[in-house]
Amino acid sequence: MGNWFGGSASGPRLKLSNGGSEVFLDVLALPACELAETSFERGFALLLCNSRIGLGNEGFDLDELPWSADWEGERAFLLRVIESAQAHFHWELLSYEPPYADRYLAEYAEVVRSYRPPAEAVGLPRMWDPDPVDAAFSRCPKHGLFLGDYTDCRLCF
């Protein structure tokens, strides 16, 4: 099956196998949890940590995110997360070598750089609960990831 990660259904997209998706989400979650400060940033990091259903159900388009009027700052956060992942931020915590992750990240960086949310999407609640429970942001002592809605670490899982 696989998963799609894109800007919008009609824009550029990254297609990954289920295993490739797991790697992609793992390497993004590590810096996202560390860098997240605002509710949008924490929500995005939580999305990465909660995405582990598998079997082709993990992909998402940027159109699905709850962009605010500060969407350019929010997009800059996504690019900082990608850049940190490209610098192999905390990859030593992974229990495997992610040989194709650099390619996935480079392709996704282009998707994010070229993305502009449609005007009608700005300010709409989407993709995640705008008021997640505080317990979801508890951190794994080993990996530093948010435990999320499943109350366990995606890397320990």
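Analysis parameters
- Residues numbered from 1 in each chain as written.
- Predicted model: local features only at pLDDT ≥ 70, side-chain atom pairs only at ≥ 80, totals over all residues.
- Heavy atoms only, no water.
- Helix = DSSP H or I, 4+ residues; strand = E, 2+ residues; numbered from the N terminus.
- Buried < 20%, exposed > 50% of the residue type's maximum accessible area, 1.4 Å probe, protein only.
- Contact = heavy atoms within 4.5 Å.
- Pairing = 2+ DSSP bridges.
- Phe/Tyr/Trp six-rings, centres within 6.5 Å; stacked < 30°, edge-to-face > 60°.
- Salt bridge = Lys/Arg side-chain N within 4 Å of Asp/Glu carboxyl O.
- Expected span 1.5 Å × (residues − 1).
- Arc of directions from axis to C-beta.

Caption draft 1: Highlighting the overall build of the protein chain. Across its full length, the protein chain carries four helices and three strands. When the helices and strands of the protein chain are listed from N to C terminus, the series reads β-β-α-α-β-α-α. Out of the 157 residues in the protein chain, the part that is buried amounts to 50%. When contacts within the protein chain are restricted to residue pairs at least 6 apart in sequence, those whose partners lie at least 24 apart make up 69%.

Caption draft 2: Fine view of the sheet that holds strand S3 (residues 60-61). One open sheet holds the three strands; their spatial order is S2-S1-S3, and the pairing between them is mixed. Looking at strand neighbours, the two that pair on one side only are strand S2 (13-16) and S3, the edges of this open sheet. Summarising the sheet, strand S1 (residues 3-6) and S2 pair through four bridges and their orientation is antiparallel. Across the sheet, Gly 6 pairs through a bridge with Arg 13, a residue of S2.

Caption draft 3: Local environment of the packing of aromatic side chains. Tallying each qualifying case throughout the model produces eight aromatic pairs. Relative to Phe 77, the ring of Phe 44 lies with its centre 6.5 Å away and its plane at 90°, an arrangement referred to as edge-to-face. Taken as a pair, Phe 44 in helix H2 (residues 39-50) and Phe 77 in helix H3 (residues 71-86) lie far apart in primary sequence, 33 residues in all. On the basis of relative accessibility, which here comes to 1%, the residue Phe 44 falls in the buried class. On the basis of relative accessibility, which here comes to 0%, the residue Phe 77 falls in the buried class.

Caption draft 4: Looking closely at the pattern of salt bridges. According to the stated counting rule, one finds seven salt bridges in the structure shown. With a shortest N-O distance of 2.7 Å, Glu 110 and Arg 113 are connected by a salt bridge. Taken as a pair, Glu 110 and Arg 113 lie in helix H4 (residues 101-114) at a separation of three residues, close to a single helical turn. Judged by relative accessible area, which is 47%, Glu 110 ranks as partly exposed. For Arg 113, a relative accessible area of 38% corresponds to the partly exposed category. Members of the salt-bridge network, linked through shared partners, are Glu 22, Asp 26 and Arg 154.

Caption draft 5: Structural context of H4. Relative to the 20 Å expected for 14 residues at 1.5 Å per residue, H4 spans 20 Å between its end C-alpha atoms, a close match to the ideal helical length. Those residues of H4 that sit buried are Ala 101, Tyr 104, Leu 105, Tyr 108, Ala 109, Val 111 and Val 112. Buried residues of H4, seen end-on, are gathered within an arc of 165° and therefore sit on one face of the element. Structurally, H4 contributes buried residues whose contacts are with S1, S2, helix H1 (18-35), S3 and H3.

Caption draft 6: Just the environment of Ala 9, in detail. For Ala 9, the position within the fold is in the loop between S1 and S2. Look at Ala 9 and you get exposed, because its relative accessible area is 65%.

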